[in-house]
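# Secondary and tertiary structure notes
This is what each chain is made of:
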Amino acid sequence: MGLLTANYGYNIERQASELYNRNIFKKFQYQLQLTERLKYKETEKGKCYEVWAKTNQIYKPHRIRTYIVLADVTEGREQFSCICGKFNKDGILCSHILKIIVEEDINVIPEKYFIDRWRKKGVKMKLPLPELVPKTHEMLRFNILSRKSTILNSKGSKSEEVMQYLSEEYEKIDKNLELMLSETRTEANSTQSASRAQENAVESSSSTLRELPHLNDPTRVKQKGRPALPTRLKPRIEEIKQKIAREEKMKAKKSNQISPKGKAKKKMRKGSEENIER
Ligand SMILES: [Zn+2]
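Criteria and thresholds
Residues numbered from 1 in each chain as written. Predicted model: local features only at pLDDT ≥ 70, side-chain atom pairs only at ≥ 80, totals over all residues. UniProt positions renumbered as here; feature names shortened; annotations may be inferred. Helix = DSSP H or I, 4+ residues; strand = E, 2+ residues; numbered from the N terminus. Core = buried A, V, L, I, M, F, W, Y, C linked by C-beta atoms within 7 Å. Buried ≥ 20, exposed ≤ 12 C-beta atoms within 10 Å, placed from the backbone. Contact = placed C-beta atoms within 7 Å. Pairing = 2+ DSSP bridges. Axes fitted to C-alpha atoms, helices over the stretch in contact; angles between N-to-C directions.

- The chain appears in an unreviewed UniProt entry as Protein FAR1-RELATED SEQUENCE from Panicum miliaceum.
- The record in UniProt for the chain states the following under Sequence similarities (unreviewed entry): "Belongs to the FHY3/FAR1 family."

## Describing the UniProt feature "domain: SWIM-type" (unreviewed entry) in the chain
- As recorded in UniProt, the sites labelled "domain: SWIM-type" (unreviewed entry) are residues 67–105.
- Along residues 67–105 one finds 36% helix and 26% strand; the C-alpha atoms at either end are 20 Å apart.

## Here's the deal with the nonpolar core
- Y20, F28, V69, I97 and I100 are the most contacted members of the largest nonpolar core, which totals 24 residues.
- Looking at this core, the elements with two or more residues in it are α1 (11–19), α2 (22–34), β2 (48–53), β3 (67–72), β4 (79–82) and α4 (95–103).
- Not counting residues up to four positions away in its chain, the partners in contact with F28 are A16, Y20 and I92.

## Observations concerning the sheet that holds β3
- Read across the sheet, four strands follow the order β1-β2-β3-β4 without closing on themselves; strand pairing throughout is antiparallel. The sheet terminates laterally at β1 (38–44) and β4, the two strands that pair on one side only. Neighbour-to-neighbour, the strand axes of this sheet turn through a mean angle of 25°, independent of strand direction.
- Relative to β4, β3 runs antiparallel, the two sharing four bridges. In the sheet register, V69 faces β4, and the bridge partner there is C82.
- Packed on one face of the sheet, α4 meets β1, β2, β3 and β4 and runs near 75° to β1.

This is the structure we're talking about:
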């Protein structure tokens, strides 16, 4: 553990020192220190808390704000969120949540609150957390991206040169995004033959449908020999949805014993039939 000492003696502090890199641990520890200046009230048992700053402090905020912490303090199912939004912004828990954690005698912070980015080398998470897998929720996507772009902006504002660079890159990204989005829109309205062609590409590359949701890494997608940048970066989930829809359709056709005259003919290979049966 080296220089990272648990100043406050909490188990969660030791846990943090084992997982976090040095800088982030210091930040975590500062939030932990701040909890000493906070008061709290449980407004709904084990679920909702109000947290605010003590007023007997030499250095006190000029405006006392009350923070609402929503929680589940059931052992093994612990979950927290705070209206201050620090965790979404910085990726570490705020003093308000930590206040509840220490006051409620919680010994372990769930792994998901130690984001991969801030972890030491040897203790990275192996798989994306289940909470992060359903990426279809727009608000969640927004939060994830906000966190990333905030970090970039912060670096980017360090010097004029860096700012210029980042700004130009943003413009490029913006153009690509426009391209991708317009493609997604056209594709949604496109003829069946176009989507058939795409299906072909997907099918020839994926052995099972079940595997797809985990293929988030663009480089792996690239290896499949799929064309052009926008398609390559297209959201997996959209593809999967379309694929599922198509397979459902094919399954329905098949069970109706419609002769394989149409476009489905060439694509109805043995392998894909097995997949449909699951
Ligand atoms: Zn907070």
